[in-house]
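Examination of the molecular architecture
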Amino acid sequence: MPNDEQVHLAAEGFRLLADPTRIKILWALLQGESSVACLADIVGAAPTAVSQHLAKLRLAGLVRGRREGTFVHYSAADTHVRALLAEALFHADHTDRNLPDGPHSHAITP
């Protein structure tokens, strides 16, 4: 059984990912670094909204920012974010198309 802090952090991460725009932002960042303006174009949202989403994702440790002069380049925090998002989208695709579990399904290990 995970400890209370692990459960809290996992729940907080899922809560922050429970937004379509944030999922799109993370997916875009998994393709490479990007600025707020570029992300706004990609996800079809206002730059101020994207900036607010990024701030929350950064606080949750899902996104990192790298300052270069007056610009900040954002990226996914680590490979765990990639795996988490990939698995969520894989599950969504299987649910959407009513497919059975495939070879990529994972068992939970302690």
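Refer to the structure presented above.
Residues numbered from 1 in each chain as written. Predicted model: local features only at pLDDT ≥ 70, side-chain atom pairs only at ≥ 80, totals over all residues. Heavy atoms only, no water.

**Topic: the overall build of the protein chain**
Looking only at helices and strands, the protein chain features five helices and two strands. The linear arrangement of helices and strands in the protein chain, starting from the amino end, is α-α-α-α-β-β-α. Taken along its principal axes, the extent of the C-alpha atoms in the protein chain is 45 × 35 × 20 Å. Going through the 110 residues of the protein chain one by one, you find that 25% of them count as buried. Long-range pairs, those at least 24 residues apart, make up 47% of the contacts in the protein chain with a sequence separation of at least 6. (Helix = DSSP H or I, 4+ residues; strand = E, 2+ residues; numbered from the N terminus. Buried < 20%, exposed > 50% of the residue type's maximum accessible area, 1.4 Å probe, protein only. Contact = heavy atoms within 4.5 Å.)

**Section: the pattern of salt bridges**
Overall, the coordinates contain four salt bridges when judged by the stated rule. Put simply, Asp93 and Arg97 hold a salt bridge, and the shortest N to O gap is 2.9 Å. Among the residues examined, Asp93 registers a relative accessible area of 30% and is labelled partly exposed. Shared partners join several salt bridges into a network, and the residues in it are Glu33, Arg66 and Glu68. (Salt bridge = Lys/Arg side-chain N within 4 Å of Asp/Glu carboxyl O.)

**What to know about the packing of helix H2 (residues 20–30) against helix H5 (residues 79–96)**
The axes of two packed helices give the description: the angle between them and the distance between them. H5 packs onto H2 with a crossing angle of 125 degrees between their chain directions and a minimal axis gap of 11 Å. By the criterion of interaxial angle, the relationship of H2 to H5 is oblique. Where H2 crosses over H5, the handedness of that crossing is left-handed. Facing H2, whose interface residues are Ile23, Leu26, Trp27 and Leu30, H5 presents Val81, Arg82, Leu85 and Leu89. Residue composition of the contact of H2 with H5, grouped by class: seven nonpolar, no polar and one charged. (Axes fitted to C-alpha atoms, helices over the stretch in contact; angles between N-to-C directions. Parallel < 35°, antiparallel > 145°, perpendicular 65-115°, else oblique. Left-handed = near helix turned anticlockwise from the far one by under 90°. Nonpolar A, V, L, I, M, F, W, Y, C, P; charged D, E, K, R; others polar.)

**Here's the deal with the side chain of Ser34**
Here Ser34 is to be found in the loop between H2 and helix H3 (36–43). Residue classification places Ser34 among the buried residues on the basis of a relative accessible area of 10%. Residues within four places of Ser34 in sequence aside, it is in contact with Leu29, Leu39, Val72, His73 and Tyr74.

**A closer look at H2**
Where H2 is concerned, the buried positions are Arg22, Ile25, Leu26, Ala28, Leu29 and Leu30. Two or three places before Thr21, at the start of H2, stands the capping residue Asp19, its side-chain oxygen 2.8 Å from that residue's backbone nitrogen. After H2 finishes, the residue Gly32 shows a positive phi value of roughly 150 degrees. (Polar contact = N/O pair within 3.5 Å; in protein donor to acceptor, adjacent residues only side chain to side chain.)

**Some points on the pairing of strand S1 (residues 63–68)**
As judged from the six bridges shared by S1 and strand S2 (residues 71–76), these two strands associate in the antiparallel manner. Bridge pairing in S2 links Val63 to Ala76. Here S1 folds back onto S2, and the loop between the two strands holds two residues, one of which, Gly69, carries a positive phi near 70 degrees. (Pairing = 2+ DSSP bridges.)

Note that every value here comes from positions in space, so none of it alone points to a role or purpose.
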